[in-house]
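# What the coordinates show
Below, each chain spelled out in residue letters.
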Amino acid sequence: MRLFLLALAACAVAGPLTPPPASAAAQVPSSGLLGAMSGDVTPHRCPIPRIEPGSAASLRAFHRAMAACADGFWAARFAAAGLAYTPPSVSVTTGRDSVCGTIAGSGAQYCPEQSTIVIRITKSDLRDPFRMNIAHSVAHEWGHHVQHLIGVLDAQAALYAPASAKARKLLSHRLEMQAECFAGVFYGATLKSIRPGISWKDWVAAVRRADESDIHGKPRNLAWWQDRGYRGGTTGFCNTWTATTNRVT
């Protein structure tokens, strides 16, 4: 079974990365969404189709179904928090170009100016369509869209210029780990519908063993935040901006 963690390896936000550490926590907006740290997790059921190896059409259908699932889940969460929600556009392609430039690596990216999630179907996807890897492309990038809607991406853009190279790297980890945590919250309600083909315990272990990325940080911390969101069940568990450095490096 191939566990290459597509979204983690290649995900990018097309725009400025992160604010400097001294002021990041103060600048990231406080909202009802991030403040929610309790409440029952209500299962969110979605019709997610099977993937036929070698079929780009079935992969497109899978991504579209995952997008509809994420859209319904997050729309309900925003409504419960009393916040306005607008869905992103979703572009699924076999090429390397997107509405905000070349797709980084071989995976997915979020384009905040266009509010668009772009997902690239690769030859590896066609040969070995492991459901949880492919589902994570949508779940993680939707996490970036949530950050966009609640003002996190605007905050980082405003504070990016004066940040040192070291601060940018560290806080890019905070950004990506929060998106991982949001993905975990989503999985907590939808994993049965996704039918991932792997247990949650084994999935988290696989994330922990993934290759390290300058943008995303240490796999063990990415796994910790994704599991925290999954087990906590609410977005209030995802405030990476005030977490200690050793939890986001």
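Please refer to the structure higher up on the page.
An account of the accompanying structure is given in this report. (Residues numbered from 1 in each chain as written. Predicted model: local features only at pLDDT ≥ 70, side-chain atom pairs only at ≥ 80, totals over all residues. Heavy atoms only, no water.)

## Concerning the pairing of strand S5 (residues 108-111)
Residue alternation in S5 divides its side chains into two sets, Ala108 and Tyr110 and Gln109 and Cys111, and both sets are buried. Inspection of the sheet shows S5 paired to strand S6 (residues 116-120) by 4 bridges, in the antiparallel sense. Counted as the bridge partner of glutamine 109 is valine 118 from S6. What sits between S5 and S6 in their antiparallel hairpin is a turn of 4 residues, with serine 115 showing a positive phi close to 45°. (Buried < 20%, exposed > 50% of the residue type's maximum accessible area, 1.4 Å probe, protein only. Helix = DSSP H or I, 4+ residues; strand = E, 2+ residues; numbered from the N terminus. Pairing = 2+ DSSP bridges.)

## Quick look at helix H10 (residues 219-232)
In this model H10 runs 20 Å from its N-terminal to its C-terminal C-alpha over 14 residues, within 8% of the 20 Å that 1.5 Å per residue would give. The inward-facing, buried residues of H10 abut helix H6 (131-150), helix H8 (165-194) and helix H9 (200-208). Downstream of H10 by a residue or two, glycine 233 has a phi angle that is positive, lying close to 80°. (Expected span 1.5 Å × (residues − 1). Contact = heavy atoms within 4.5 Å.)

## Quick look at the pattern of salt bridges
Per the stated rule, a full pass over the model turns up 2 salt bridges. Among the ionic pairs, aspartate 227 bridges to arginine 231, the shortest N-O distance being 3.0 Å. Pair noted here: aspartate 227 and arginine 231 are both in helix H10, with a separation of 4 residues, about one helical turn. Owing to a relative accessible area of 18%, aspartate 227 belongs among the buried residues under this scheme. (Salt bridge = Lys/Arg side-chain N within 4 Å of Asp/Glu carboxyl O.)

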